[in-house]
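Structure at a glance
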Amino acid sequence: MGLFTPKKPALIGVDISSTQVRLLQLGQSGRGYRVEHYATEVLPAHAVVEKKIIEVDLVGEAIARALARSGSRLKNAAAAVAGSAVITRTIPMPIELSGEELEDQIQVEAEQYIPYPIDEVSLDYEILGPSPDNPEINEILLAASRTENVDICVAALGLGGLVAKVIDVEGFAVENACGLITEQIDTSGDALMAVINIGAAMTTLSVLRNRHTIYSREQSFRGQQFTEEMMRVDPLSSEEAEHAILQQGLPETHTAETLTPFKDSLVQQVSRLIEFFYSGSGYSKISQVVLSGDYASIEGIDTMLEEQLGVRCVVANPLVHMNLPAHQKESLIRDASALMVVTGLALRSFD
């Protein structure tokens, strides 16, 4: 980079889930990355419902607390809206169109695919490259969300002391983070990778080919159901139950009463999600499964899915080759599988 080339502003990634806020700031370390700042903050109940911000003030306050605890001085942020709030389409465009011509044409084409007035929608696009069937046509990935979904995310960041510079889509952030787990996955051109995010509010399937998302579907199977069932069996707080889950510190009584039924149900739900993909896509074989999210690291789920689906299954670790701060190393390793979204957002600093 030349001495007078303007440097892009550094961004802190902010992942707003249904139960907590995660903040992550990355720096470059040689050819790789290092974690510079990291913090989480539990959200009050019902502040976010099914990934939709309901109480913007409460979310903003949680972001502010997490930012203070993280020690980061950054003010520019990258956050994401849920895939369920976004419409994506791959559309063909003549390859000779210039940037301004392309934008104008995409605006026209978008009206065919979006069931809302165009002035109520925020649009973005990415050029995927020439079509395999016609080198004179570019494939364009169009993403659109109602502007109110974007505005409330921007408002929450603002209340937390941050300026929104990038509003991404959760699935695209995961796609971005997949570049950090290439040793865990098959990156050959025709390999179909299923990324299963097991969150507190819902489970999401994203199918990637050539590291680009070709399919996404959400299912209202909540990992938090397991936490709630634990609290019913034992007098535990939500924080104590989640700590026991993530630390693999479940009492033996929970193995039969809560853990085994939860894992069985999860495997069934994931199998159904993948069958939905097969039935509507023309594909018939997933090459591998990558598990992510708060509940992905529960012992034995990866093995059970391998046996059920007959394909290799791994638990994602986007931090595997990063330098980690000593005082947070244990918590980062423990949380790694839940950090795909926030890591993909933090990587936007280096796009």
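Structure's up top.
Here we summarise the structure given alongside this text. (Residues numbered from 1 in each chain as written. Predicted model: local features only at pLDDT ≥ 70, side-chain atom pairs only at ≥ 80, totals over all residues. Heavy atoms only, no water.)

**Digging into the overall build of the protein chain**
Under the convention used in this document: Secondary structure elements follow DSSP: runs of H or I of four or more residues count as helices, runs of E of two or more count as strands, with numbering from the N terminus. In this scheme, a residue with accessible area under 20% of its type's maximum is buried, one over 50% is exposed, and one in between is partly exposed, where area comes from a 1.4 Å probe on protein chains only. Contacts between residues were defined by any pair of non-hydrogen atoms, one from each residue, lying within 4.5 Å. Note on areas: Shrake-Rupley with a 1.4 Å probe; residue coverage comes only from the protein chains shown.
In terms of regular secondary structure, the protein chain is built from 10 helices and 15 strands. Relative to its full complement of 351 residues, the protein chain shows a buried share of 46%. Sequence separation of at least 24 residues holds for 64% of the intrachain contacts in the protein chain that already meet a minimum separation of 6. Element-wise, carbon and sulfur atoms account for 48% of the exposed surface of the protein chain, whose accessible area totals about 17,300 Å².

**Structural notes on the sheet that holds strand 12 (residues 203–209)**
In plain terms, the rule: For two strands to pair, DSSP has to find at least two bridges joining them. Helix axes use the C-alpha atoms of the stretch in contact, all axes being lines fitted to C-alpha atoms, and the angles between their N-to-C directions lie in the range 0 to 180 degrees.
Taken together, the five strands give an open sheet; going across it, the order is 13-12-11-14-15, and neighbouring strands pair in mixed fashion. One side of each edge strand has no neighbouring strand; the edge strands of this open sheet are strand 13 (212–219) and strand 15 (312–315). Sheet twist, expressed as the mean angle between neighbouring strand axes with direction ignored, is 20°. Inspection of the sheet shows strand 11 (residues 192–198) paired to strand 12 by seven bridges, in the antiparallel sense. Within strand 12, the position partnered with asparagine 197 by the bridge is threonine 204. Against the sheet, helix 8 (residues 301–309) contacts strand 14 (288–292) and strand 15, and its axis sits at roughly 160° relative to strand 15.

**Overview of the pattern of salt bridges**
Convention followed: Any Lys or Arg side-chain nitrogen located within 4 Å of an Asp or Glu carboxyl oxygen qualifies as a salt bridge.
The final tally for this structure, using the stated rule, is 10 salt bridges. Taking the shortest distance from any N to any O, the salt bridge between arginine 146 and glutamate 120 comes out at 2.9 Å. Here glutamate 120 lies in the loop between helix 2 (99–113) and strand 8 (121–130) and arginine 146 lies in strand 9 (residues 137–146), a separation of 26 residues in the sequence. Judged by its relative accessible area of 27%, arginine 146 is partly exposed.

**Some points on helix 3 (residues 147–159)**
Because each turn of an α-helix spans 3.6 residues, side chains separated by three or four positions in sequence point in the same direction. Threshold: To estimate how far a helix should extend, the number of its residues minus one is multiplied by 1.5 Å. It is the directions from the helix axis to the C-beta atoms whose arc is reported.
Compared with an ideal rise of 1.5 Å per residue, which puts 13 residues at 18 Å, helix 3 spans 18 Å between its outermost C-alpha atoms and is within 8% of the ideal. Within the span of helix 3, buried status applies to Asn149, Val150, Cys153, Ala156 and Leu157. Seen from one end, helix 3 has its buried residues packed into an arc of 125°, which puts them on one side. With its phi angle positive at about 90°, glycine 161 sits one or two positions after the end of helix 3.

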